[in-house]
Amino acid sequence: MPQPGDLIWPEGVSLAPGRIVMGIGTAGPAGPLPRHEVRVRARLATWPRGDLLIEASPIPGLPAEGAAATFAYGSDHHGLIVRLDDGRIAVAVSDESPAWADPAFLQLIAVAAHEPEVTDAEFGVGLLGFGAIGAEHARAVLATPGLSLAGVCDPKPERIQAARTAAPGIHAHEDAVSMLDDPAVDIVIVSTPPDSHAHWAIEALSRGKHVIVEKPMALTTRECDAILATAADRGLLAAVYQNRRFDPDYRLIAACVRSGQIGEIFHAEAFVGGYGHPCNYWHSDADVSGGALFDWGSHVVDQVLDLFDGEVDYVTAVNHKRVWHDVTNADHARMTLHFDGGREATFIYSDLAAALKPRWYVLGTTGALTGDWRELSVVSRSTIGTLEEDVLAAADSPPVVRRHSAAGDVTTLSPRPQEPHPFHADLALRLRYGFAPRVRGEQSRRVVAMLEAAEESARLGGLQVKPA
Ligand SMILES: NC(=O)c1ccc[n+]([C@@H]2O[C@H](COP(=O)([O-])OP(=O)(O)OC[C@H]3O[C@@H](n4cnc5c(N)ncnc54)[C@H](O)[C@@H]3O)[C@@H](O)[C@H]2O)c1
């Protein structure tokens, strides 16, 4: 029987020896139920992650009343995390359950154990820049226990108005420095255009604020290093909102690869784009955006680096400028990460792709994964009653992921339920309990190193460039 001391607790999680009693109820009246995915419903004010879906062998027969968390199997409650009167935590899940290896489950147990000692204090978040992504951060902060909206700053009055619509009563600042100096702000989310990320991140860190930077972390590794060094010097958090690490299609692909379902991956292709004029905004101005690869590449390269173990030996890339001469970003760009052992991953971003490639094409030694774009539209009635069809851009809905076996069987994979605001939940858990977040600043620095190397390779006509 495993003992609490045998568990591999996630980084930052600790429980005093003897604080946890495992596996009570293993001899429940109906005997163990077959192993199954079960939903764990936390009843903790300080748990920001919502329900967890874990694989477990739940145990029937314990009362759910007063439990810190309950496990639902079918329509009944069968498993529990209970806080005992003496401060110990009793967990009614069988000793052999794989739930004991699930980092989120272990974090939940630790939160249940520590919750009585944690104050209700919230960490105040200041939103620096309230553009297209602003409302997403406002929604996430408002929905995450442990975080509160302490302020917003944007020079455009219409964006302040948008912030007030998303978060009525929010404290609006006229200039960035006034918000950065506000003692009510503990964390600053920098959502200004990319060429100003490093400046504002360092300004905020220098004033003792934790920092979340929008992607990309910055335009160069030199800037990223300056951000990370300033954070390390002051013992503060600096991380990037790599939200697409939690996209349903990527989570399916990562889960299949990690559980060995397609063997060892050695080749991946990812594509985003279509045919059309790039937007006429800073996104297409290479000096502000970093270039065509930086926007979507900040997400896709992050996913690829998360998927592939090992080192990138060199990067190659090509930029095409053929049609959209009124903007400075390339019209079509291709970069390849060459990993050790000859494994490779290619990302194409295109505004000249009249035919779409799949979002994902991943080959392993025993199978493959594909992610196909959906063609979806939203149909609604206009104010005068006519039907209106809004065709969604391919990238606006998650691709359909399929697993292909070596024998030719094809299985369409069902997405698992989404965690509510997983990045912000990690942030709250990091600030309250010290748990390591899944997305780390160093990972986003590595993403920028690849993008920087790709732009350099493209400038050199596709030569091999070693990332910094
Ligand atoms: N993670 C994602 O999925 C995602 C999605 C969209 C955008 N982004 C990133 O978010 C950032 C912003 O993108 P966006 O699409 O919201 O851009 P946007 O142009 O819509 O918004 C930027 C906002 O920053 C404001 N701003 C500029 N300088 C400022 C300053 N000194 N102080 C305060 N506000 C200032 C502008 O007025 C504007 O409202 C970019 O880095 C982009 O890459 C990320």
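Residues numbered from 1 in each chain as written. Predicted model: local features only at pLDDT ≥ 70, side-chain atom pairs only at ≥ 80, totals over all residues.

1. Examining the pairing of strand β10 (residues 187-190)
Sheet faces and side chains relate simply in a regular strand, where the side chains alternate between the two faces. Residues Ile 187 and Ile 189 line one face of β10 and the alternating positions Val 188 and Val 190 line the opposite face, and both faces are buried. Both strand β7 (residues 123-128) and β10 contribute to a ladder of 4 bridges, which runs parallel. Paired with Leu 128 across the bridge in β10 is Val 190. Alignment of β10 against strand β11 (residues 210-213), held across 4 bridges, turns out to be parallel. (Buried ≥ 20, exposed ≤ 12 C-beta atoms within 10 Å, placed from the backbone. Helix = DSSP H or I, 4+ residues; strand = E, 2+ residues; numbered from the N terminus. Pairing = 2+ DSSP bridges.)

2. What to know about the domain arrangement of the chain
Each assigned domain of the chain is listed with its residue range as follows: domain 1 (4-117), domain 2 (123-241) and domain 3 (244-438 + 445-459). For domain 1 versus domain 2, the separation of C-alpha centres amounts to 35 Å. (Domains from an automatic or database assignment.)

3. Section: the site of the ligand
Of all residues adjacent to the ligand, which total 20 residues, the nearest are Gly 129, Gly 131, Ala 132, Ile 133 and Glu 214. Here the residues of the shell around the ligand are counted per class, giving 10 nonpolar, 5 polar and 5 charged. (Near = placed C-beta within 6 Å. Nonpolar A, V, L, I, M, F, W, Y, C, P; charged D, E, K, R; others polar.)

4. Quick word on helix α9 (residues 294-307)
Between its first and last C-alpha atoms α9 spans 19 Å; for 14 residues at 1.5 Å apiece the expected length is 20 Å, and the two agree. For α9, the tally of buried residues reaches 12 of 14 residues, placing the bulk of the element in the interior. Among the residues of α9, those classed as buried are Phe 294, Asp 295, Trp 296, Gly 297, Ser 298, His 299, Val 300, Val 301, Asp 302, Gln 303, Val 304 and Leu 305. Where the residues of α9 are buried, they touch α7 (248-258), β13 (265-273), α8 (286-289), β15 (332-339), β16 (344-350) and α11 (441-459). (Expected span 1.5 Å × (residues − 1). Contact = placed C-beta atoms within 7 Å.)

5. Brief notes about the environment of Ala 231
Positionally, Ala 231 belongs in helix α6 (residues 221-234). On the neighbour-count criterion, Ala 231 (20 C-beta atoms within 10 Å) is buried. Along the primary structure Ala 231 and Lys 209 are separated by 22 residues, whereas in three dimensions their C-alpha atoms are 9.1 Å apart. In this structure, Ala 231 is in contact with Leu 205, Val 211, Leu 236, Leu 237, Ala 238 and Gly 441, ignoring residues within four places of it in sequence.

6. Thoughts on unusual backbone geometry
The peptide bond linking Lys 215 to Pro 216 adopts the cis configuration, its omega dihedral lying at -10°. Within the fold, Pro 216 resides in the loop between β11 and α6. Notably, His 421 is not glycine yet its phi reads approximately 45°, a positive angle. Structurally, His 421 can be placed in the loop between β22 (410-412) and α10 (422-433). Classification of His 421 as buried rests on a count of 24 C-beta atoms within 10 Å.

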